[in-house]
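Structural features, examined
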Amino acid sequence: MNFFEKLAKLDRRWVFLILAAVVVITLLVDVKTSIRVDKEVRSVYDFMESLKPGDYIQMSIDYDPGSMAEMHPMTYAILEQAFKKDLKVVITALSINGPGMAEQAILDIMDSVQILYGKKIVYGEDVVFLGYKPYPGIVILSMGQNYRISYPQDYYNTPVDDLPIMHNIINYDDMKGIILITGTSGVDFWISYANGRYNAPLAVGLTGVMAADYYPYLKSGQIFGLMGGMLGAAEYEILVNKPGPAMEAMKVQVWAHIIIILFIIIGNIGYFASRRKGGVQ
Amino acid sequence: MDWGTFIWTTIGVGLTLSVFSFLYKDNPFYRFTESLYVGVATGYMTIILWYNGLLPTLIDRIWVGQPWWQLWGGKWWYWIPGILGLLMWFRFSKKQAWISRYPIAFYIGISMGAAIPLEMKNRVNEQLYSTFGNLMQNLTFGPDNWWSGVSEIIIIIGVLTGLFYFFFSVPHKGVFGGIAKVGIYILMIGFGASFGFTVMGRISLFIQRIQFIRDWVVAGNEGTGGMTAIVWIFGLLLLLLILLEIIRHIMKKPADEAV
């Protein structure tokens, strides 16, 4: 058994260990990495920058703790940008674990905006969290008619008509745009129902696993922006000029990918070497 | 970090490491954490569905502030979806399972009615139009936008050859074989892109957990003496477990070789 054949049959736990070591070391060492911002991420940023104070946007935070690593940095960056620009933000969560994610992000950003920029964000005036409702397709269709059909009350059981932020809005027509940060297939409902039926302008932030499937919707104009996984989140952090956890993670990603590519090459060399000798078929 | 948050974070770190320990081999720490996760997730989802779904959209509407025995005081017509929902429970009876087909039929009928026209429009018509609709306008090769023209050609070739790969009414031989081969290469590039994004996604999850553990260690060291002690005790216990496993592995090896 030669060197490459031995490597091809290496216990996979060594691969895990080496990958873990690379991740830990690159996270602790100050490694620089440069990231180019793609136009599909820039178009989300440009849209946000084009809005005037008092304009309404909707954010749908449809992910669970399992996708938090990729999604939270996007939510935080966009929410902070919205609050800095004095936008009115209506937040929903159509994934069952979404409310916890959304509430954490809202409270954290309300605090950080006050500390960093001295802006006091008032719940019910600047932001409202409508909460979770089951069956996303039906909820998305109903919000196109009137938010009050699915959400007569907000997440904290306050009637929405008692909240000043809701006085001027009825349905998607009152929103300048909807930004989905989602780790679920609920994005299909948003594209088909909110955009397809009500022409609501949509931008999406997706997990890396999902991102490649939704590029065709960019070309067709059904979504106007797309942030894919940790890379998309890091690009957005660059645009808002606030490098955070996604930027930090990307420097690790680069080295982790190099290691994975090396293992793939070694595995293939080992495979072909074995096949030449008639070992592996 | 206050003590309450620190304790919960310490538990989080322990559970994270327990889950990762499965990468080495199955063990009691992993099995405990897996069971805990399933239990907590089920409990959490049940409560969320009760308070965000069933209670406000059914029960509160049937009983609007009156005692539970007054069944017709509120919006009585909500009994119809309520009863349809209850019929779903007949799935558990082998003899009466057919009854549950009525609510399923009702649900699928509504979903189909809402979805089919919109799905056809958004997934087929819009995509066809974006690929072939403005073909001549999109095929521009100016000095500034020549790449968009090239992209357009790649997309059209990719769509046609990719579709042809799944067209089996003619044998994939000769010219048709060549077209199908281009199609499979295009599909492989697409799968490659998805795979790359998937690897990035999985590594992202791992990085976030390592960031979480690092932040806990930093918080412990910067916190009170008690917190620092907990971090050290935790680290030493982990080291001890690893050492014990290494010793066990070394001791076990000669016996295995003898077998």
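These remarks concern the structure in this document. Please read all numbers here as calculations on a predicted model, not as lab measurements. (Residues numbered from 1 in each chain as written. Chains lettered and ligands numbered in written order. Predicted model: local features only at pLDDT ≥ 70, side-chain atom pairs only at ≥ 80, totals over all residues.)

**Quick notes on the overall build of chain A**
Within chain A, the regular secondary structure consists of 12 helices and 6 strands. Projected onto its principal axes, the C-alpha positions of chain A cover 75 × 40 × 35 Å. The buried share of chain A, taken over its 281 residues, is 45%. Look at the contacts in chain A between residues 6 or more apart in sequence, and 73% of them connect residues 24 or more apart. (Helix = DSSP H or I, 4+ residues; strand = E, 2+ residues; numbered from the N terminus. Buried ≥ 20, exposed ≤ 12 C-beta atoms within 10 Å, placed from the backbone. Contact = placed C-beta atoms within 7 Å.)

**Regarding the pairing of strand 5 (residues 202-206) of chain A**
All names here are of chain A. Burial of strand 5 is extensive: 5 of the 5 residues sit out of reach of the surface. Where the polypeptide runs from strand 4 (residues 177-182) across helix 8 (residues 186-198) and back to strand 5, its parallel neighbour, the crossover connection is right-handed. Where strand 5 lies against strand 6 (residues 225-228), 4 bridges are found, and the strand directions are parallel. Bridging across to strand 6, V204 finds its partner in L226. (Right-handed = clockwise from strand over helix to strand, strands pointing away. Pairing = 2+ DSSP bridges.)

**A short note on the pairing of strand 4 of chain A**
Residue and element names in this part refer to chain A. With respect to burial, strand 4 is a largely interior element, 6 of its 6 residues being buried. Here strand 4 shows a buried face lined by G177, I179 and I181 and a second buried face lined by I178, L180 and T182. Where strand 1 (residues 56-62) meets strand 4, 6 bridges bridge the pair, whose relative direction is parallel. Paired with I61 across the strands is I181, a residue of strand 4. Direction of pairing for strand 4 relative to strand 5: parallel, over a ladder of 5 bridges. In the sheet register, T182 faces strand 5, and the bridge partner there is L206.

**Concerning the interface of chain A and chain B**
The interface is formed by 41 residues belonging to chain A together with 31 residues belonging to chain B. Top element by residues in the side of chain A that touches chain B is helix 12 (residues 245-276) of chain A. It accounts for 7 residues. A per-class count over the side of chain A that touches chain B returns 24 nonpolar, 12 polar and 5 charged. (Nonpolar A, V, L, I, M, F, W, Y, C, P; charged D, E, K, R; others polar.)

**Considering helix 3 (residues 39-50) of chain A**
Residue and element names in this part refer to chain A. Along its 12 residues, helix 3 runs 16 Å from first to last C-alpha, staying within 8% of the 16 Å computed at 1.5 Å per residue. Of the positions making up helix 3, those classed as buried are E40, V41, V44, Y45 and M48. All buried residues of helix 3 project into a common sector of 150° when viewed along the axis, lining one side. What points out from helix 3, more than 90 degrees from its buried face, is the exposed set K39, E49 and S50. Each element contacted by the buried residues of helix 3 is listed here: helix 4 (68-84), strand 4, strand 5, helix 10 (215-219), strand 6 and helix 11 (229-239). (Expected span 1.5 Å × (residues − 1). Arc of directions from axis to C-beta.)

**Things to note about the packing of helix 12 of chain A against helix 7 (residues 174-222) of chain B**
Running from N to C, helix 12 of chain A and helix 7 of chain B cross one another at 125°; their axes reach a closest spacing of 9 Å. Here helix 12 of chain A lies oblique to helix 7 of chain B, going by the angle between them. Regarding helix 12 of chain A and helix 7 of chain B, the two cross each other, and that crossing is right-handed. Residues P245, A249, V252, Q253, A256, H257 and I260 of chain A of helix 12 of chain A lie in contact with helix 7 of chain B, whose contacting residues are V199, M200, I203, S204, I207, Q208 and Q211 of chain B. Considering only residue class, the contact of helix 12 of chain A with helix 7 of chain B consists of 9 nonpolar, 5 polar and no charged. (Axes fitted to C-alpha atoms, helices over the stretch in contact; angles between N-to-C directions. Parallel < 35°, antiparallel > 145°, perpendicular 65-115°, else oblique. Left-handed = near helix turned anticlockwise from the far one by under 90°.)

**Some details on the nonpolar core**
Residue and element names in this part refer to chain A. Formed by 84 residues in total, the largest nonpolar core has its most connected members in I91 and L202. Per-element accounting of this core gives the leading share, 10 residues, to helix 4. When sequence neighbours within four positions are dropped, the list of residues in contact with L202 reads I178, L180, W190, I191, A194, N195, I223 and F224. (Core = buried A, V, L, I, M, F, W, Y, C linked by C-beta atoms within 7 Å.)

**Topic: the sheet that holds strand 2 (residues 88-93) of chain A**
Residue and element names in this part refer to chain A. Taken in spatial order, the 6 strands make up an open sheet running 3-2-1-4-5-6, and their pairing is parallel. On the outer flanks of this sheet lie strand 3 (127-132) and strand 6, each paired with one strand and no other. Ignoring strand direction, the axes of neighbouring strands in this sheet form an average angle of 15°.

**A look at unusual backbone geometry**
For residues that are not glycine, phi is negative in most cases, and the peptide bond is trans in most cases. Residues and elements named next belong to chain A. If you check the backbone angles, Y135 has positive phi at about 60° while not being a glycine. Along the chain, the position of Y135 falls in the loop between strand 3 and helix 6 (136-145). You can call Y135 partly exposed: it has 16 C-beta atoms within 10 Å. You will see that N241, though not glycine, has its phi angle at about 55°, which is positive.

**A closer look at the environment of V160 of chain A**
All names here are of chain A. Relative to the assigned elements, V160 resides in the loop between helix 7 (147-150) and strand 4. Under the C-beta neighbour-count criterion, V160 is labelled partly exposed, with 19 such atoms within 10 Å. Separated by 31 residues in the primary sequence, V160 and F129 place their C-alpha atoms 9.9 Å from one another.

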